[in-house]
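Topology and contacts: notes
One-letter residues, chain by chain:
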There are 2 protein chains.
Amino acid sequence: MSALVQPVILCGGAGTRLWPASRGARAKQFLALESERSLFARTLDRVAGADFLPPLILCGAEHADAVRSHPEAEGSSLLVEPMARNTAAAIALAVAAVEPTQLLLVMPSDHIIADLAAFHAAIDAASILARGDWLVTFGIEPERPETGFGYIASGAPLGESGYTVDRFIEKPPLEVARELIDKGGHSWNAGIFLFRASAMRDAMLVHCPEIYRAAEAAIAHGVGKGSSLYADHAQFASAPSDSIDYAVMEKHDRVAVVPVAMGWSDVGSWEAVHGLAARDDAGNACAGDVFLHDSRGCLVRPQRKRVSLVGVEDLAVIVDGDDILVMPLSRSQDVRAAASARR
Amino acid sequence: MSALVQPVILCGGAGTRLWPASRGARAKQFLALESERSLFARTLDRVAGADFLPPLILCGAEHADAVRSHPEAEGSSLLVEPMARNTAAAIALAVAAVEPTQLLLVMPSDHIIADLAAFHAAIDAASILARGDWLVTFGIEPERPETGFGYIASGAPLGESGYTVDRFIEKPPLEVARELIDKGGHSWNAGIFLFRASAMRDAMLVHCPEIYRAAEAAIAHGVGKGSSLYADHAQFASAPSDSIDYAVMEKHDRVAVVPVAMGWSDVGSWEAVHGLAARDDAGNACAGDVFLHDSRGCLVRPQRKRVSLVGVEDLAVIVDGDDILVMPLSRSQDVRAAASARR
């Protein structure tokens with residue numbers, strides 16, 4: 001890598017898909033799921049090398065303490081969002097806060113990337129394009145016809161590892177997802193980006209100027225406390241809420257994709273957690289005091305309770321404080337029903 | 001009823017079939033299962049009328065406090081067993097403690113009897129036979145080819161409602177159970193008995209004299225405290241452990257059965273609890289803070305926790321302190337595996 005990259009870690013979301021473990025201040029990124037360490041800590045690990053500047057971490061005030069409590073975050077700067085305004089405004093804050101020439105690597109804090117070497121190689125490839133003022137998105141080589149992600153269609157080659165983006169495709173129905181995979185040249189949109197700050201700023205000033213201006217003013221009127229900058233509430237509140245995909249990436253003409261296979265997962269459901277976790281011979285993933293009798297394929301998070309399973313299969317049993325969730329792993333998407341009823 | 005009957009309530013068992021709710025000092029009889037009140041309290045209700053003397057309650061020392069904490073037990077006498085020695089020795093204690101001419105109605109404290117009038121009518125019928133020195137057992141009219149109970153084959157009629165016992169049949173395989181029901185004249189052995197104390201004493205002196213002599217000595221050397229009598233430890237310890245069926249009923253020649261249909265259940269499993277409990281339209285029986293989404297036929301006892309079920313069917317979720325049991329109701333018999341591992 002020829003120039004240092006500035007990691008920008010989006011740590012704002014809460015996420016109800018892993019309810020009851022994730023909620024409120026205990027967001028998904030702070031959970032230890034298939035490892036002993038939190039997703040957030042492992043995100044920081046990925047950009048801890050000499051090729052990276054100390055990370056800039058974007059989070060809400062409710063998560064600032066959790067961020068600071070991570071020893072891995074030492075040396076990082078915090079950029080505190082006064083409220084959640086989706087990814088476009090969050091990225092605009094980061095862009096407005098750094099030197100315009102800086103290369104920014106923007107990534108969520110609640111994903112898993114198993115193949116670090118592949119990720120770093122993709123960063124190298126994306127950096128070359130970003131220095132040519134391309135807004136680069138990382139495309140995940142699809143492993144299955146997933147209907148829960150958007151897809152990116154690659155266009156013309158750009159150098160050895162990148163492509164122009166032909167188009168962004170919304171979460172497709174299963175049949176369409178199968179076609180995309182059969183056809184080839186399509187990757188999952190994972191929400192990981194690399195670009196020069198000035199290139200994103202200029203694109204935002206064309207496609208979503210209200211968002212950028214609000215973020216810029218929120219930084220200008222922000223209040224610094226040690227290594228934290230609290231963006232101004234009133235200014236940021238005027239930023240429309242939109243995703244970076246809708247607000248910029250789908251509209252801009254200089255957008256590139258670097259496809260990569262790097263063992264990526266967004267750990268977007270209890271079923272995904274079960275798939276990633278260490279399992280015994282019967283396919284059970286249990287962290288804690290669990291008694292199993294004639295039970296297979298289960299995910300159990302007993303916390304400090306004692307869970308006993310007798311004769312069950314493919315079930316999630318998730319304990320969190322006073323809440324106990326019982327659900328077939330295959331119904332993991334329906335956890336929202338319980339999450340919104342319980343909070 | 002022409003003479004007062006002395007109820008003898010066997011309150012000694014613990015029972016692991018309803019683990020984790022029942023264990024240790026919190027025995028099954030003290031649980032509120034399908035009603036707000038405990039099985040023990042409702043057992044006392046059944047013999048609270050003017051036709052009955054105040055009950056004699058047999059229990060272990062570990063259950064004496066739970067017995068006394070029931071307002072329904074006020075006026076009862078306690079006979080405290082120094083250790084569990086099965087039903088023959090327990091009944092021998094009661095026999096040795098009362099007037100020889102007394103009619104004793106012996107019954108477990110952890111059953112349900114829905115039809116009280118039918119029960120009382122059967123007591124009337126059994127009392128007539130008991131006054132003729134028959135040892136009478138109550139036979140439950142079978143509702144299904146149950147393999148979990150012993151059966152009683154009726155012999156020759158004795159008056160209007162009773163029969164001699166032709167034979168006792170051990171818990172049969174399913175095919176045999178079906179045959180017994182098709183044939184008619186067979187009832188379930190529910191462990192409820194009515195007899196004159198002297199008749200049982202004389203039968204025991206023939207069939208199991210060691211048990212009776214040990215019980216008699218344990219009473220003679222017992223220590224009274226208020227309305228409680230603590231049987232002597234050393235004396236009672238010398239009593240062989242045997243069931244009243246094996247020790248006396250199957251051997252004696254003057255044994256009668258009074259068949260009765262009275263909505264009886266031994267509430268012997270979580271599946272039975274679910275069958276007896278009030279259920280919503282989807283067949284769920286939930287007492288407490290339970291959130292249900294697309295879930296049917298479940299039994300949930302959340303205690304003071306909050307249980308959320310998403311997309312599950314016919315499941316038991318039983319919370320007790322730090323223990324959480326998850327099991328298909330159809331696997332209720334296998335709860336012993338968890339109970340013995342967890343205690």
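Our subject in this report is the structure included herewith.

1. Quick notes on the state of the cysteines
Taken as a whole and judged by the stated rule, the model has zero disulfides over all chains. With no disulfide of its own, Cys286(A) lies 7.4 Å from the sulfur of Cys298(A), the closest cysteine sulfur.

2. Structural notes on the packing of aromatic side chains
All chains considered together, the criterion is met by 10 aromatic pairs over all chains. With 6.2 Å between their ring centres and 55 degrees between their planes, Trp188(A) and Trp264(A) make a pair best called tilted. Note that Trp188(A) is positioned in strand 9 (residues 186-196) and Trp264(A) in strand 13 (residues 264-265), a separation of 76 residues in sequence. Residue Trp188(A) is classed as buried on the basis of its relative accessible area of 1%. Between the aromatic rings of Phe119(B) and Phe138(B), the centroid separation amounts to 6.0 Å while the plane-to-plane angle is 55 degrees, which identifies the pairing as tilted. Taken together, the residues Phe119(B) in helix 4 (residues 116-131) and Phe138(B) in strand 6 (residues 135-140) connect sequence positions 19 residues apart. When its relative accessible area of 0% is taken as the criterion, Phe138(B) is described as buried. Among the aromatic residues, those joined into a ring-pair cluster are Phe149(A), Trp188(A) and Trp264(A).

3. Thoughts on the environment of Ser127(A)
Residue and element names in this part refer to chain A. In this structure, serine 127 sits in helix 4 (residues 116-131). When its relative accessible area of 1% is taken as the criterion, serine 127 is described as buried. Not counting residues within four places of it along the chain, the set of residues in contact with serine 127 comprises Val5, Leu103 and Leu194.

4. Digging into the interface of chain B and chain A
It is common to give the size of an interface as the accessible area lost on bringing the parts into contact. In this assembly, 33 residues from chain B lie in contact with 33 residues from chain A. Overall, the association of chain B and chain A removes approximately 2,800 Å² of surface from exposure, summing both partners, and the carbon and sulfur fraction of that is 55%. Summed over the three residues of chain B that lose the most area to chain A, namely Arg306(B), Ile324(B) and Arg342(B), the buried surface amounts to 28% of that side. Connecting chain B to chain A are six salt bridges. Summed over the shared surface of chain B and chain A, the result is 22 residue pairs in polar contact (both at pLDDT 80 or more). No other element matches strand 19 (residues 323-328) of chain B, which puts six residues into the side of chain B that touches chain A. Residue composition of the side of chain B that touches chain A, grouped by class: 18 nonpolar, three polar and 12 charged. Sheet analysis places strand 19 (residues 323-328) of chain A next to strand 17 (residues 306-310) of chain B, joined by four bridges and oriented parallel. Pairing of Asp323(A) across the sheet is with Arg306(B), part of strand 17 of chain B.

5. A few points about the environment of Leu174(B)
All names here are of chain B. Along the polypeptide, leucine 174 turns up in helix 5 (residues 174-183). Taking the relative accessible area as the measure of exposure, leucine 174 reaches 38% and is therefore partly exposed. Apart from the residues lying within four places of it in its own chain, the contact partners of leucine 174 are Pro145 and Thr147.

6. Quick notes on the sheet that holds strand 18 (residues 315-320) of chain A
Across a sheet, paired strands are connected by hydrogen bonds in the backbone, their directions being either parallel or antiparallel. If you trace the six strands from one edge of the open sheet to the other, you get 14(A)-16(A)-18(A)-19(A)-17(B)-15(B), paired in mixed fashion. For this open sheet the edge positions go to strand 14 (285-286) of chain A together with strand 15 (289-293) of chain B, each flanked by a neighbour on one side alone. Relative to strand 17 of chain B, strand 15 of chain B runs parallel, the two being bridged by five bridges. When the bridges of strand 17 of chain B are listed, Phe291(B) appears paired with Ser308(B). Against the sheet, helix 11 (residues 335-342) of chain A contacts strand 19 of chain A together with strand 15 and strand 17 of chain B, and its axis sits at roughly 145 degrees relative to strand 15 of chain B.

7. Here we look at the sheet that holds strand 19 of chain B
Taken together, six strands build an open sheet; the order of strands is 15(A)-17(A)-19(B)-18(B)-16(B)-14(B) and the sheet is mixed. Looking at which strands have only one partner, the edges of the open sheet turn out to be strand 15 (289-293) of chain A together with strand 14 (285-286) of chain B. Relative to strand 16 (residues 299-301) of chain B, strand 14 of chain B runs parallel, the two being bridged by two bridges. Note on strand 16 of chain B: the bridge partner recorded for Ala285(B) is Leu299(B). Across the face of the sheet, helix 11 (residues 335-342) of chain B comes into contact with strand 15 and strand 17 (306-310) of chain A together with strand 19 of chain B while running at roughly 145 degrees to strand 15 of chain A.

8. Remarks on the pairing of strand 4 (residues 103-108) of chain B
The side chains of a regular strand alternate between the sheet's two faces. All names here are of chain B. Buried residues dominate strand 4, accounting for six of its six residues. Side chains of strand 4 alternate between two faces, with Leu103, Leu105 and Met107 and Leu104, Val106 and Pro108 buried alike. Bridge analysis of strand 1 (residues 6-10) against strand 4 gives five bridges, and the strand direction is parallel. If you follow glutamine 6 over to strand 4, its bridge partner there is leucine 104. Of the pairings in the sheet, the one linking strand 4 to strand 9 (residues 186-196) comprises four bridges and is antiparallel in character. Paired with leucine 104 across the two strands is phenylalanine 195, which belongs to strand 9.

Calculation criteria
Residues numbered from 1 in each chain as written. Chains lettered and ligands numbered in written order. Predicted model: local features only at pLDDT ≥ 70, side-chain atom pairs only at ≥ 80, totals over all residues. Heavy atoms only, no water. Disulfide = S-S within 2.5 Å. Phe/Tyr/Trp six-rings, centres within 6.5 Å; stacked < 30°, edge-to-face > 60°. Helix = DSSP H or I, 4+ residues; strand = E, 2+ residues; numbered from the N terminus. Buried < 20%, exposed > 50% of the residue type's maximum accessible area, 1.4 Å probe, protein only. Contact = heavy atoms within 4.5 Å. Buried area = accessible area lost by both parts, 1.4 Å probe. Salt bridge = Lys/Arg side-chain N within 4 Å of Asp/Glu carboxyl O. Polar contact = N/O pair within 3.5 Å; in protein donor to acceptor, adjacent residues only side chain to side chain. Nonpolar A, V, L, I, M, F, W, Y, C, P; charged D, E, K, R; others polar. Pairing = 2+ DSSP bridges. Axes fitted to C-alpha atoms, helices over the stretch in contact; angles between N-to-C directions.

All quantities given are derived from atomic positions and should not be read as evidence of function.
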